[in-house]
There are 2 protein chains.
Amino acid sequence: MKQSHLFTQTRKEVSQEEVAKNAQLLIRGGYIHKEMAGVYSLLPLGFKVLNKIKKIVNEEMEQLDSEEIIMSTIQVKETWEKTDRWSDEKVDVWFKSQLKNGTDIGFGWSHEEPITEMMKSHIKSYQNLPRYVHQFQNKLRNETRAKSGVMRCREFVMKDMYSYCTNEEEHMAFYNKTIDAYMNVYRRVGLGDITFVTSASGGVFTDKFSHEFQTICDAGEDVIYVHKDGKLAMNEEIFNEETLAKMGKKKEEFEAKKAAEVGNIFTFGTGKCEQLGLYFTDKDGVSKPVYLGSYGIGITRLMGVITEVFADDKGMVWPEAVAPFQMHLVSLCREDADIAKANEIYEKLKAKGVEVLYDDREGLRPGEKFADADLLGMPTRVVVSPKTIAAGVVEVTNRKTGETTMQPLESFLA
Amino acid sequence: MKQSHLFTQTRKEVSQEEVAKNAQLLIRGGYIHKEMAGVYSLLPLGFKVLNKIKKIVNEEMEQLDSEEIIMSTIQVKETWEKTDRWSDEKVDVWFKSQLKNGTDIGFGWSHEEPITEMMKSHIKSYQNLPRYVHQFQNKLRNETRAKSGVMRCREFVMKDMYSYCTNEEEHMAFYNKTIDAYMNVYRRVGLGDITFVTSASGGVFTDKFSHEFQTICDAGEDVIYVHKDGKLAMNEEIFNEETLAKMGKKKEEFEAKKAAEVGNIFTFGTGKCEQLGLYFTDKDGVSKPVYLGSYGIGITRLMGVITEVFADDKGMVWPEAVAPFQMHLVSLCREDADIAKANEIYEKLKAKGVEVLYDDREGLRPGEKFADADLLGMPTRVVVSPKTIAAGVVEVTNRKTGETTMQPLESFLA
């Protein structure tokens, strides 16, 4: 894409109200637009990052045989009353409104209830089980504090998946497979080495057990205790003598780290389906409640964590898998013949299927273009200038390492 | 996809409350789930149709050089107050709620205002213009009546595009190009012959002119007057002596038809940008307001209209371009050897890249499977049975025409 066609402009400053580094950088780069605290719109570059992350997550969910759907944002009061999660005392993040005729409605902050209610039309017998469904849905949550940029929003994109199983064994087998799928996601977006599965208490979501996925991140709101072997970590809530004794580990072997939750999974056992009336007829003819699991990844949140973890003082540094473009081709050419040469390189890269952002903008100083390239954070920067053209080379810089090499144009294009 | 893996089940009946044919069929086929009047969730088959329509629309918008974004659902009161569209007296479809601190928020029923407000960060000079942006966004509208199934919803997916231009000429050139792009969309989804561009009054949206795209459809809420040449149609509001005289046409040459609006486009002139403060510096150094156009297609609505227009008394009849699967492979096999043969045909079709739904379900009578295939409405039904296997053929039926032919298996697979 030609940068001259991109409607968004970069900027040097953002409003002082925006205290989160991720939002500061994403706004400065024109990736997002702030509507209000905790509410952001996604502009073309941000939308591309979102879609890259969604694609990776979707592929992993499809590997689990999950089917994609999209539930409504508008929620039916009666469904949530069945599980006692309608009242503001029980769930304090509801946005609510009313139809013209006075009917109360809510706006979806989670979807266990409506999906389970919907499943009653489709699950009757053991032959209809197990079933897995997921969606990428715009959740609305009336958060009191929203100061972490896209890491904690009042409106955000979440991948939520739900599993419906006949018994505990089937349920747990899927639950454990999901842990692997989630770790695949974090590995693929570049966070594999610093992301840990931790056991958590669960809170409002469940009366049974749950796990969190925590990424070491200075901007995170949690603290985890990471074992010196780098493979095990524990949530603060359960980091105590009792748990350590059970695991045969010593307190001194762990180090406290700030971390951001990038996913969480819950088991509801059969409780939720009993409340909502989702039963199936088993092989023995007996009616039994279905086992429910719930599996979430905040997609926009993940985008925020990736920004925080990799950014440096010059701007964003996107891992290849989620970068809006793989390459930022920066032209410093001013003469027609040179510009034609730069255009030609751009066209050849496009023809080869390279995702390339082409800074063809006129009238900017090299320093301004370099600052923008650093801020926007594509993995590879390629500079074409009168000098490189004369020498038959391009200047290739790795955004992450800063390493620069001159590459012969021919071999670069090959 | 194997039908045994599809979690949705078909059904013979729907609640009597559901009066719209499109919703009745889509619910019976398991394409959608009704949450409440005017609020539907999209299940796997419905989600696939939605994505096919979105892809076609998106391709046409990209041809217009529009950039894709996604704006927030949560709306800022102050932005809408600037154009006097916040109050319920002025706009009667708002859903509203409040943040914990008492701040009023709205839920997006349209996005001219926030997109224009956002553009103020990115459009400063004539060099930043023209610009076109679009999104596929979940609109929320507090409709009083919602009895037309997915054709008029309280929550629905809309493609909305906005154009920002420097002057009227540039603006009108784009406006007219959009009419062609929209007609391409309707042609590609199979509605080209029965869809007309009509001039409309505009209502709440604009103080200037606008056009609608109307598809002849018995379930439509509008009436249009179609000229006997089949190429011209007029909205009811402007079908009068004055307009006819201007066009040099006679009343008798037109026939009244029920129609459904499948798109609408508006010009706001410079009015909206003046209210919101979106100005640019022109070549002559003078600050001028930007010309705004707004262009909408209801994606879920279009799905409803396609359902209504093509369905017959047996069920849905999808045009190829939007069908969730091109082919419905129905196996009537019961013996292992035959089932293996049917599986083999399925695998070969998949390997060839055919989008195929494979009815591999066991224990159903042929009549039940045929009824489901008719209800689900894939363009081509292919039956594999012990008889066809013995004869080395498959039975191929066109869902639309009902025409059935026996095709040698080998040539069918080639």
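No experiment lies behind these values; they were computed from the predicted model shown.

Reading the values: rules and limits
- Residues numbered from 1 in each chain as written.
- Chains lettered and ligands numbered in written order.
- Predicted model: local features only at pLDDT ≥ 70, side-chain atom pairs only at ≥ 80, totals over all residues.
- Helix = DSSP H or I, 4+ residues; strand = E, 2+ residues; numbered from the N terminus.
- Buried ≥ 20, exposed ≤ 12 C-beta atoms within 10 Å, placed from the backbone.
- Contact = placed C-beta atoms within 7 Å.
- Pairing = 2+ DSSP bridges.
- Right-handed = clockwise from strand over helix to strand, strands pointing away.
- Domains from an automatic or database assignment.
- Least-squares fit on C-alpha atoms with pLDDT ≥ 70 in both.
- Nonpolar A, V, L, I, M, F, W, Y, C, P; charged D, E, K, R; others polar.
- Axes fitted to C-alpha atoms, helices over the stretch in contact; angles between N-to-C directions.
- Parallel < 35°, antiparallel > 145°, perpendicular 65-115°, else oblique.
- Left-handed = near helix turned anticlockwise from the far one by under 90°.
- Core = buried A, V, L, I, M, F, W, Y, C linked by C-beta atoms within 7 Å.
- Expected span 1.5 Å × (residues − 1).
- Arc of directions from axis to C-beta.

## What about the overall build of chain A?
Summing up its helical and strand segments, chain A has 12 helices and 21 strands in all. In terms of its C-alpha atoms, chain A occupies a principal-axis envelope of roughly 80 × 60 × 45 Å. Put simply, chain A has 414 residues, and 48% of those count as buried. Across chain A, the fraction of contacts at a sequence separation of at least 24, relative to all contacts at a separation of at least 6, is 70%.

## A look at the pairing of strand 17 (residues 327–331) of chain B
Residues and elements named next belong to chain B. Counting buried residues in strand 17 gives four out of five residues, a clear majority hidden from the surface. With four bridges connecting them, strand 17 and strand 18 (residues 356–359) associate as parallel partners. Directly across from methionine 327, in strand 18, lies its bridge partner valine 356. Between the parallel pair strand 17 and strand 18, the chain is carried across by helix 9 (residues 336–351), and the sense of this crossover is right-handed. For strand 17 and strand 19 (residues 380–384), the ladder comprises five bridges, and the chain directions are parallel. Each bridged residue has a counterpart across the sheet, and for leucine 329 the counterpart in strand 19 is valine 382.

## Quick notes on the pairing of strand 21 (residues 404–408) of chain B
Residue and element names in this part refer to chain B. Of all five residues making up strand 21, only zero are buried, and the element is barely covered by its neighbours. Pairing analysis gives five bridges linking strand 20 (residues 393–398) to strand 21, with the strands arranged antiparallel. Each bridged residue has a counterpart across the sheet, and for threonine 397 the counterpart in strand 21 is threonine 404.

## Details of the domain arrangement of chain A
Each assigned domain of chain A is listed with its residue range as follows: domain 1 (11–310) and domain 2 (327–413). The gap between the C-alpha centroids of domain 1 of chain A and domain 2 of chain A is 40 Å.

## Considering the relation of the copies chain A and chain B
Put simply, the second copy of the chain is the first one after a rotation about an axis and a shift along it. Once turned by 180° and shifted 0.0 Å along the axis, chain A lies on chain B with an RMSD of 0.0 Å. The transformation relating the two chain copies, once decomposed into turn and shift, fits a two-fold axis. Within chain A, Ser97(A) has its C-alpha nearest the rotation axis, a separation of 2.9 Å. Interface residue correspondence from chain A to chain B reaches 100%, placing this contact among same-surface, isologous pairings.

## Digging into the interface of chain A and chain B
The partner chain B presents 42 residues to the 42 residues of chain A that form the contact. Counting only elements with at least two residues in the side of chain A that touches chain B, the list comes to strand 1 (32–36), strand 2 (39–42), helix 2 (44–63), strand 3 (67–68), strand 4 (74–76), strand 5 (95–98), helix 4 (112–119) and strand 7 (131–140) of chain A. Looking at the side of chain A that touches chain B residue by residue, the class counts come to 19 nonpolar, 14 polar and nine charged.

## Side note on the packing of helix 2 (residues 44–63) of chain B against helix 5 (residues 168–188) of chain B
Residue and element names in this part refer to chain B. Interaxial distance between helix 2 and helix 5 falls to 9 Å at its minimum, and their mutual angle equals 155°. As the angle between them shows, helix 2 and helix 5 are arranged roughly antiparallel. Crossing handedness for the pair helix 2 and helix 5: right-handed. Contacts between helix 2 and helix 5 involve Ile56, Val57, Glu60 and Gln63 on the former and, on the latter, Ala181, Asn184, Val185 and Arg188. Each residue belonging to the contact of helix 2 with helix 5 can be placed in one class, and the counts come to four nonpolar, two polar and two charged.

## A closer look at the environment of His122(A)
Structurally, His122(A) can be placed in the loop between helix 4 and strand 7. Overall, His122(A) belongs to the buried group, with 20 C-beta atoms counted inside 10 Å. Once the C-alpha coordinates of His122(A) and Asp282(A) are considered, the two residues, 160 residues apart in sequence, prove to be 15 Å apart. If near-sequence neighbours (up to four positions away) are discounted, His122(A) is found in contact with Asn128(A), Phe7(B), Thr8(B), Gln9(B) and Gly30(B).

## Points about unusual backbone geometry
All names here are of chain A. Each neighbour pair has its own omega, and for leucine 129 with proline 130 the value is -5°, a cis peptide bond. Secondary-structure assignment places proline 130 in the loop between helix 4 and strand 7. Although it is not a glycine, aspartate 65 sits at a positive phi angle of roughly 65°. For aspartate 65, the location among the structural elements is in the loop between helix 2 and strand 3.

## Some points on the sheet that holds strand 5 (residues 95–98) of chain B
As a general point, the strands of a sheet are linked pairwise by backbone hydrogen bonds and lie either parallel or antiparallel. Residues and elements named next belong to chain B. Strand order in this open sheet of three strands is 4-6-5, and the pairing throughout is antiparallel. Two strands lie at the open edges of the sheet, namely strand 4 (74–76) and strand 5, each paired on one side alone. Averaged over neighbouring strand pairs, the angle between their axes works out to 40° when direction is ignored. Pairing between strand 5 and strand 6 (residues 104–107): four bridges, direction antiparallel. Counterpart to serine 97 in the pairing with strand 6 is isoleucine 105.

## A short note on the packing of helix 1 (residues 21–28) of chain B against helix 8 (residues 299–310) of chain B
Helix-helix packing: each pair is described by the crossing angle between the helix axes and the interaxial distance. Residue and element names in this part refer to chain B. Contact geometry for helix 1 and helix 8: axes closest at 9 Å, N-to-C directions at 95°. Regarding the angle of helix 1 to helix 8, the classification is roughly perpendicular. Facing Lys21, Asn22, Leu25 and Leu26 of helix 1, the residues of helix 8 in contact are Gly304, Thr307 and Glu308. Looking at the contact of helix 1 with helix 8, its residues break down into two nonpolar, three polar and two charged.

## What to know about the environment of Tyr40(B)
Following the sequence through the fold, Tyr40(B) ends up in strand 2 (residues 39–42). When the C-alpha positions of Tyr40(B) and Met158(B) are compared, they lie 14 Å apart, and in sequence the two are 118 residues distant. Apart from the residues lying within four places of it in its own chain, the contact partners of Tyr40(B) are Ser72(A), Ile32(B), His33(B), Lys34(B), Glu35(B), Val150(B) and Cys153(B).

## Some details on the sheet that holds strand 5 of chain A
Residue and element names in this part refer to chain A. Read from one edge of the open sheet, three strands run 4-6-5, paired in antiparallel fashion. Sheet topology places strand 4 and strand 5 at the edges, where each strand pairs with a single neighbour. Across this sheet, the average inter-strand angle for adjacent strands is 40°, counted without regard to direction.

## A few points about the nonpolar core
Counting residues in hydrophobic clusters, the biggest one holds 217 residues, and the most contacted among them are Ile53(A), Val290(A), Ile53(B), Val290(B) and Ile299(B). With near-sequence residues (within four places) excluded, Val290(B) lies in contact with Ile123(B), Leu129(B), Tyr164(B), Cys165(B), Thr270(B), Cys273(B), Leu278(B), Tyr279(B) and Phe280(B).

## Examining helix 9 (residues 336–351) of chain A
Residue and element names in this part refer to chain A. With 16 residues, helix 9 extends 22 Å between its outermost C-alpha atoms, agreeing within 8% with the 22 Å of an ideal straight helix rising 1.5 Å per residue. Turning to helix 9, its buried residues number three or more, namely Ala342, Ile345 and Tyr346. The buried residues of helix 9 occupy an angular sector of 100° when projected down its axis, which confines them to one face. Pointing more than 90 degrees away from the buried face of helix 9 are the exposed residues Asp336, Ala337, Ala340, Glu344, Glu347 and Ala351. Turning to helix 9, the residues buried within the fold contact strand 17 (327–331), strand 18 (356–359) and strand 19 (380–384). One or two positions beyond helix 9, positive phi appears at glycine 353, with a value near 85°.

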